[in-house]
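Residue-level structural notes
Here is what each chain is made of, one letter per residue.
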Amino acid sequence: MLRPAVLLLLSTAVCGQVYTTNAGMPVDDARNSQTLGSNGPILLQDALLMERLQVHNRERTPERNVHARGAAAKGTFTLTKDMSQYTMAKVFQGAGKTTPIAARWSTVIHSKGSPEFLRDPRGFALKLYTEEGNYDVVGLNFPVFFIRDGIRFPEMIRALKPNPLRGVQEWWRIWDYFSNFPESLHMFTWLMDDVGIPANYRQLPGYGVHTFKWINSAGKAMWVRYTYKSWQGEANLQDAQAVKKQFNFATMDLYDQIKSGNSSKCSPTNYQLNCAGWTFQVQMIDPTNTTFMNGLSFNPLDTSKMWPTDLIPLQDVGHFVFDTNPASQFLENEQIAFSPSRMVPGIEPSDEKMLQT
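Residues numbered from 1 in each chain as written. Predicted model: local features only at pLDDT ≥ 70, side-chain atom pairs only at ≥ 80, totals over all residues. Heavy atoms only, no water.

**Concerning the overall build of the protein chain**
Helices and strands together make up the secondary structure of the protein chain, namely 10 helices and 10 strands. Here the C-alpha coordinates of the protein chain stretch approximately 65 × 50 × 50 Å along the principal axes. For the protein chain, with 357 residues in total, the buried portion stands at 49%. The long-range share in the protein chain, meaning contacts at least 24 apart out of those at least 6 apart in sequence, stands at 71%. Surface accessibility of the protein chain: about 17700 Å² in total, with carbon and sulfur atoms responsible for 53%. Here the protein chain contributes 34 positive and 33 negative side-chain charges, whose respective centroids are spaced 4 Å apart. (Helix = DSSP H or I, 4+ residues; strand = E, 2+ residues; numbered from the N terminus. Buried < 20%, exposed > 50% of the residue type's maximum accessible area, 1.4 Å probe, protein only. Contact = heavy atoms within 4.5 Å. Areas by Shrake-Rupley, 256 points an atom, 1.4 Å probe, with all protein chains shown as cover. Lys, Arg positive; Asp, Glu negative; His and termini not counted. Charge placed at Lys NZ, Arg CZ, Asp CG, Glu CD.)

Spelled out as structure tokens, the structure:
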């Protein structure tokens, strides 16, 4: 049984139990912060320290600052290709292995009560309940992001939020801010294109966006990005179509299709439009391959850049199917939380600035 971080066992060796994070990952030292040298400073990368302070300081679940409006579902991740030569993570070892999974799809900028037909990126967050703890992947329906350094994130969100004076989102404020960051143009070519308003959550592609580091048992590291290809295809709305949609149309579609039982019958060889399944794909780079790295015309750790599939092919690794709705929208949708720092042994953050912050 996984123990919350607040229930610290001071004598785990005596009790024969393992102290873990809230997500279930084993902790080898729960008494000392990670520091640079014996006297500090304390490192921001100390995810356990951050988690313990958060548990202590926060007792309420206020509306999310971003991704407030969303829908969740539960299902199963099935590994179809053994990846043990690339990572020690048990979730990716042994073809045929299954792992419980939860996902939350969401709009990004507007409030919990906002309509789902607004032009906005869609969050696509995964939580894999592995035997080594929970592994969270926080992504989008686009393969890139507006910025490449997390220090810009707070004011970026404020530029996209409604004007605090009028309470209305104003595009002049958005353009005024992003004109200072030319790399954001790539993301806007997706947002302002025909894919900017998804028709529902099931016909939605997904991308991990961030670059992770997979490490195998020999200590060899590979850089990895994730892609999720919808079995239902991809469908989007034009502005004139979107405004005619019901307020909660995407949440209703996801819930109703899963409740009908159609998704539980779906498989990679037997799927149709009313399923809720995706193929899980990875792209991998060997950062020690200097010839390949020097030949790239972009920084692969830049979240405003895609990894071209002709240079870095997609590999089918598994699939996930969602066949169970939340038993409580408050407990399993509003309160489900995702953190990029929530990883398992064999998976670590790369040096990518957005993931580090």
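**Quick notes on the environment of phenylalanine 249**
Tracing the sequence through the fold places phenylalanine 249 in helix 7 (residues 249-259). Here phenylalanine 249 falls in the buried class, since its relative accessible area comes to 9%. C-alpha of phenylalanine 249 to C-alpha of proline 345: the two residues are 96 residues apart in sequence and 39 Å apart in space. Those residues within four positions of phenylalanine 249 in sequence are excluded, and the remaining contacts are Glu116, Phe117, Pro198, Ala199, Asn200 and Leu237.

**What about the confidence of the model for the protein chain?**
For the protein chain, per-residue confidence averages 91 on the pLDDT scale, and residues scoring 70 or more make up 95% of the total. Considering only residues more than four positions removed or in separate chains, one finds that residues 1-14, a stretch of pLDDT under 50, has 23 contacts. (pLDDT = per-residue confidence, 0-100.)

**Notes on the state of the cysteines**
All chains considered together, the criterion is met by one disulfide. Across a sulfur-sulfur distance of 1.7 Å, cysteine 266 and cysteine 275 are joined as a disulfide pair. Between cysteine 266 and cysteine 275 the sulfur-sulfur dihedral comes to about -85°; the bridge is accordingly left-handed. Residue cysteine 266 is classed as buried on the basis of its relative accessible area of 11%. (Disulfide = S-S within 2.5 Å.)

**A short note on the environment of tryptophan 190**
Note on placement: tryptophan 190 falls in helix 5 (residues 185-191). C-alpha separation for the pair tryptophan 190 and proline 143, spaced 47 residues apart in sequence, amounts to 9.1 Å. In this view, tryptophan 190 contacts Phe142, Pro143, Val144, Val195, Gly196 and Met306; residues no more than four positions away in its chain are not counted.

**Brief notes about the pairing of strand 8 (residues 277-285)**
A regular strand places its side chains on the two faces of the sheet in alternate fashion. Most of strand 8 sits inside the fold, with nine of its nine residues counted as buried. The alternating pattern of strand 8 places Gly277, Thr279, Gln281, Gln283 and Ile285 on one face and Trp278, Phe280, Val282 and Met284 on the opposite face, and all of these are buried. For strand 7 (residues 221-230) and strand 8, the ladder comprises eight bridges, and the chain directions are antiparallel. Across the sheet, the residue bridging to tyrosine 228 is phenylalanine 280, located in strand 8. Sheet analysis places strand 8 next to strand 9 (residues 315-324), joined by six bridges and oriented antiparallel. Bridge pairing links tryptophan 278 to phenylalanine 320 in strand 9. (Pairing = 2+ DSSP bridges.)

**Points about a nonpolar patch on the surface**
A surface patch of nonpolar side chains, about 290 Å² in accessible area, is lined by Trp171, Trp175 and Met192. Checked against the element boundaries, methionine 192 lands in the loop between helix 5 and strand 5 (206-207). On the basis of relative accessible area, methionine 192 is assigned to the partly exposed category, the value being 39%. (Patch = residues over 30% accessible without salt bridge, like charges linked within 9 Å, V, L, I, M, F, W, Y side chains within 5 Å. Salt bridge = Lys/Arg side-chain N within 4 Å of Asp/Glu carboxyl O.)

**Description of the packing of helix 3 (residues 153-160) against helix 4 (residues 171-178)**
For the pair helix 3 and helix 4, the least separation of the axes is 8 Å and the interaxial angle reads 155°. Accordingly, the angle class assigned to the pair helix 3 and helix 4 is roughly antiparallel. On the side of helix 3, the interface is formed by Glu155, Met156, Arg158, Ala159 and Leu160, while helix 4 contributes Arg173, Ile174, Tyr177 and Phe178. A per-class count over the contact of helix 3 with helix 4 returns six nonpolar, no polar and three charged. (Axes fitted to C-alpha atoms, helices over the stretch in contact; angles between N-to-C directions. Parallel < 35°, antiparallel > 145°, perpendicular 65-115°, else oblique. Nonpolar A, V, L, I, M, F, W, Y, C, P; charged D, E, K, R; others polar.)

**Looking at the side chain of threonine 107**
The residue threonine 107 is located in strand 2 (residues 98-107) in this model. Since its relative accessible area comes to 2%, threonine 107 is described here as buried. Here threonine 107 is in contact with His67, Ala68, Arg69, Ser114, Asp120, Pro121, Arg122 and Tyr201, once residues within four sequence places are set aside.

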